[in-house]
Amino acid sequence: MKLTTKRPIRFDQPKGEVKPDASFSIRRELIRVITNMSCNNKNHQDKVRILGGVHTILNHCVEDQQNPYMPQWCIVALRMLLDGNPENQEIVRGLNAQKVVNTATMRELGIEVTKMDGDKTESSCCSSGTGGSVANF
């Protein structure tokens, strides 16, 4: 029996270079199931935390060429996992910013995120005209 290895999926590849794979839709559907099962269900929220699911959901909050709504599903999943669950909230509260990523989409929109003191970040939104105004968030 010949074993074949797959190269890891890179989410930062241009659209044309990412080949459709069944795992794309499976991951999206699994996150949707976790989202729906975690709604007002502390027992399920706890099971997801014990199995490391909170970190897994956070790791999927990235731009995905094959699943453009993956970050939105992850945000809703996090909302359901954190709702009324202090233990899950503590996991997120304990996270530290590691680096700031400004994507091409953010640059096109004129948004730039910079790291400031400690773990705090600052977002700037600049208009595309010359001498554009800056709004800090």
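Each value, and the rule that gives it
- Counting restarts for each chain, with residues numbered from 1 along the sequence as it is written.
- Totals for whole chains, interfaces and linings use every residue, but because this is a predicted model, local features are given only for residues with pLDDT of at least 70 and side-chain atom pairs only at 80 or more, for both listing and counting.
- Heavy atoms throughout the structure, all of them, feed into the side-chain values; hydrogens and water do not.
- Summary of the metric used: pLDDT quantifies the predictor's per-residue confidence within the range 0 to 100.
- Runs of E in the DSSP output that reach at least two residues are strands. Runs of H or I that reach at least four are helices, and both are numbered from the N terminus.
- Definition of nonpolar core: a set of buried residues of the types Ala, Val, Leu, Ile, Met, Phe, Trp, Tyr and Cys, connected through side-chain atoms within 4.5 Å.
- Summary of the burial criterion: residues with accessible area below 20% of their type's maximum are buried, those above 50% are exposed, and those between are partly exposed, where the area comes from a 1.4 Å probe applied to protein chains only.
- Contacts were defined at the residue level, with two residues in contact if any of their heavy atoms lie within 4.5 Å.
- What makes a salt bridge here is a side-chain nitrogen of Lys or Arg within 4 Å of a carboxyl oxygen of Asp or Glu, nothing more.

## Quick look at the confidence of the model for the protein chain
In step 1: Considering every residue of the protein chain, the mean pLDDT works out to 78; 67% of them sit at 70 or more.
In step 2: Here strand β3 (residues 134–136) is the element of the protein chain with the lowest mean pLDDT, 50, and helix α2 (residues 42–50) is the one with the highest, 97.

## A few points about the nonpolar core
Soluble globular proteins: nonpolar side chains tend toward being buried together.
In step 1: With nine residues, the main nonpolar core is built from Ile-31, Val-48, Val-54, Ile-57, Met-70, Cys-74, Ala-77, Leu-78 and Leu-81.
In step 2: Every element with two or more residues in this core is listed here: α3 (53–59) and α4 (70–82).
In step 3: Per-element tally for this core: the top contributor is α4, with five residues.
In step 4: Leaving out residues up to four positions away in the same chain, Val-54 has contacts with Val-48, Arg-49, Leu-78, Leu-81, Asn-88, Ile-91 and Val-92.

## As for the pattern of salt bridges
In step 1: Evaluated as defined, the whole model comprises seven salt bridges.
In step 2: The closest approach of N and O atoms between Asp-83 and Arg-79, which form a salt bridge, is 3.3 Å.
In step 3: The exposure class of Asp-83 is partly exposed, given its relative accessible area of 34%.
In step 4: Connected via shared salt-bridge partners are Lys-42, Asp-46, Arg-49 and Glu-87.

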